[in-house]
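Below, each chain spelled out in residue letters.
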Amino acid sequence: MDRHEMFLAVNPVFATAKGCLGLLRHTGIKEAAQLAEEIDLTVKGSMKTPPEISRVYMISNEARYHIGNILARESGCDVIVDLPCGYVPRGLAIADMKKTFYGFDLPAVIEEVEPAIRKIATKEQQKYLNYKAVDATNYDSMKSALSGVKGKICILMDGLLGYFNEPELDSVCKNISRLLAEYGGCWITADKFSLESTVVTYNALTGADGEMIRSMMLKGGAKVADIAQNHTVIQEGTPEEAKKFFSGYGFDIREISYADKVPDLLSLKDSPEEMSALREAYENIPIWIMTVNKEKISDEKKGKEFKAEIRVEGSRLICELEGRLDTITAPDLLTGFNDNMTDDIKEITVDMAETEYISSAGLRVLLSMRKKLSGVGNFHIINYSDSIKEILGVTGFDQLFGMA
Ligand SMILES: C[S@@+](CC[C@H](N)C(=O)[O-])C[C@H]1O[C@@H](n2cnc3c(N)ncnc32)[C@H](O)[C@@H]1O
């Protein structure tokens, strides 16, 4: 299994970001076109999109990209954390503002995007650029990626929250509130409204009802990311419910609208009527600027280092997991498993006595381990805590693993 195959096996959600650069390259943003030359943008399993819909996706992506940059400029922070940075050239725009840029994303993206960006960045821009592999559900990965940073940080989040299940969303909110309590600064995101923004873009540009775009995007994203559709407050809550949910993590929310910030878009430079229709439609798309109220947040202790102890006893493979099983750590488990798995193994036992947390990447690896067994019923998860049981229950994996 090569590294790319490993990344795809653990968490293929990174592939969703290639489409964003694929769209941005056609807008007239010079750096996006340059970057697209450096990166292989083919995405296995992506769906063919009719041209009029691709145009809508392109325009809404361009709007989101510029709005993010403008808000970063106005954030009052010298350090901008783009979480997730994907493959877009935001780092170069932030470097031009003479702000320090941290591009955070899964290892699969960082390994590909960093060398490509560095190839096209000027000497001056290079000084401001940092790219770090993190998992947003893993606090320690982000904390160590920020080592040496002093002063306030602006966490810019575009296109992430919709990919999480409930326990993952819970971790991410806790992690960001801890980071902001420590560094100060803000969390800027319109993720609750990202589908909405594309729906209204379609509506403003074509005059037609944009609802079918919503299901197309959900299906397309879920197919590339290979995830079941999530049912969190991001997909299913009202804006009021979502605000209440976030304030439960200590966030105070200030709301502005897309229309307040959207500049004249390059992709609509020959079409001022469409630009003004879009601006009007964006009045109803909120962006949240969140700060943390320190008194409202709880303190979490540092997690245990991840370990996967794997041994074979006769025809049985035993795997003891310690710490957090997430996108950062799951490759270790998969490698250890592949090294030990043979046709003689008839039974697998995963001992989770010391496992603190499991994300969908971890669940994916457990599932692929189970699939390697020819007979069913010989895959056991033992000694799991109530919180792991809850995660498995919420995601429906308890049924798959015969634990329900
Ligand atoms: C739709 S893309 C958006 C990327 C970028 N902001 C853009 O606008 O092009 C989603 C990104 O989320 C990243 N991602 C998914 N799960 C993540 C996690 N747990 N931690 C950090 N990044 C994650 C993926 O790797 C992917 O790059």
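All values derive from a computational prediction rather than experimental measurement. (Residues numbered from 1 in each chain as written. Predicted model: local features only at pLDDT ≥ 70, side-chain atom pairs only at ≥ 80, totals over all residues.)

Trainee: In this structure, what is going on with the overall build of the protein chain? I would like to understand it.
Mentor: Looking only at helices and strands, the protein chain has 19 helices and 11 strands in total. What you see for the protein chain is a C-alpha radius of gyration of 22 Å, in line with the 22 Å of a compact globule of 404 residues. In terms of principal-axis extent, the alpha carbons of the protein chain reach across some 70 × 50 × 45 Å. Burial statistics for the protein chain: of 404 residues in total, 46% are counted as buried. Across the protein chain, every contact between residues at least 6 apart in sequence was considered, and the portion connecting residues at least 24 apart equals 75%. (Helix = DSSP H or I, 4+ residues; strand = E, 2+ residues; numbered from the N terminus. Rg over C-alpha atoms; globule rule 2.2 N^0.38 Å. Buried ≥ 20, exposed ≤ 12 C-beta atoms within 10 Å, placed from the backbone. Contact = placed C-beta atoms within 7 Å.)

Trainee: Got a minute to help me understand the sheet that holds strand β5 (residues 185-189) in this structure?
Mentor: Working definition: the strands of a sheet are paired by backbone hydrogen bonds and lie parallel or antiparallel to each other. On the basis of which strands lie adjacent, the open sheet formed by 7 strands has the order β3-β2-β1-β4-β5-β7-β6 and mixed pairing. In the strand order of this sheet, the two ends are held by β3 (129-133) and β6 (251-257), each with one partner. On average, each strand axis in the sheet is inclined to that of its neighbour by 20°, with strand direction left out of account. Bridge count between strand β4 (residues 153-157) and β5: 5 bridges; the pairing is parallel. From the neighbouring strand, Cys-154 faces β5, where its bridge partner is Cys-186. Running over the sheet, helix α4 (residues 51-74) touches β1 (79-82), β4, β5 and β7 (286-292) and is turned about 170° from β4. (Pairing = 2+ DSSP bridges. Axes fitted to C-alpha atoms, helices over the stretch in contact; angles between N-to-C directions.)

Trainee: How do you make sense of the pairing of strand β9 (residues 316-325) when you look at a structure like this?
Mentor: The side chains of a regular strand alternate between the sheet's two faces. As defined by bridge partners, strand β8 (residues 307-313) adjoins β9 across 7 bridges and the pair is classed as antiparallel. The partner of Val-312 across the bridge, within β9, is Leu-317. Linking β8 back to β9 in an antiparallel pair, the connection comprises 2 residues, with Gly-314 at a positive phi of about 60°. Note: β9 against strand β10 (residues 347-358), 9 bridges, orientation parallel. Each residue of the ladder has a partner; that of Leu-317, found in β10, is Ile-348. For the crossover from β9 across helix α16 (residues 330-340) to β10, the handedness is right-handed. (Right-handed = clockwise from strand over helix to strand, strands pointing away.)

Trainee: Is there a simple way to think about the site of the ligand in this case?
Mentor: In the vicinity of the ligand there are 20 residues, among which Phe-14, Ala-17, Cys-20, Gly-86 and Gly-159 approach most closely. Counting residues per element, the shell around the ligand draws most heavily on helix α2 (residues 16-24), which supplies 3 residues. A per-class count over the shell around the ligand returns 12 nonpolar, 5 polar and 3 charged. (Near = placed C-beta within 6 Å. Nonpolar A, V, L, I, M, F, W, Y, C, P; charged D, E, K, R; others polar.)

Trainee: Please clarify how unusual backbone geometry should be interpreted in this entry.
Mentor: Backbone geometry follows two general trends: most residues other than glycine have a negative phi, and most peptide bonds adopt the trans configuration. A cis amide bond links Leu-83 to the next residue, Pro-84, at an omega of 5°. Along the chain, Pro-84 turns up in the loop between β1 and α5 (90-96). The phi torsion at Lys-98 lies on the positive side, around 65°, for a residue other than glycine. With respect to the helices and strands, the residue Lys-98 is situated in the loop between α5 and β2 (100-105). Owing to 11 C-beta atoms within 10 Å, Lys-98 belongs among the exposed residues under this scheme. In this structure, Asn-383 is a non-glycine residue whose phi angle is positive, near 60°. Its place among the elements puts Asn-383 in the loop between β11 (379-382) and α18 (386-395). Look at Asn-383 and you get partly exposed, because 14 C-beta atoms sit within 10 Å.

Trainee: Got a minute to help me understand the packing of α4 against helix α10 (residues 194-206) in this structure?
Mentor: For any two helices packed against each other, one specifies the inter-axial angle together with the distance between the axes. At a minimum axis separation of 9 Å, α4 and α10 run at an interaxial angle of 120°. The orientation of α4 relative to α10 falls into the category oblique. Read as a crossing pair, α4 and α10 show a hand that is right-handed. Contact with α4, carried on its side by Glu-52, Val-56, Tyr-57, Ile-59 and Ser-60, involves Ser-197, Thr-198, Thr-201, Tyr-202, Leu-205 and Thr-206 of α10 and no other residues of that element. Its residues assigned to classes, the contact of α4 with α10 comprises 5 nonpolar, 5 polar and 1 charged. (Parallel < 35°, antiparallel > 145°, perpendicular 65-115°, else oblique. Left-handed = near helix turned anticlockwise from the far one by under 90°.)

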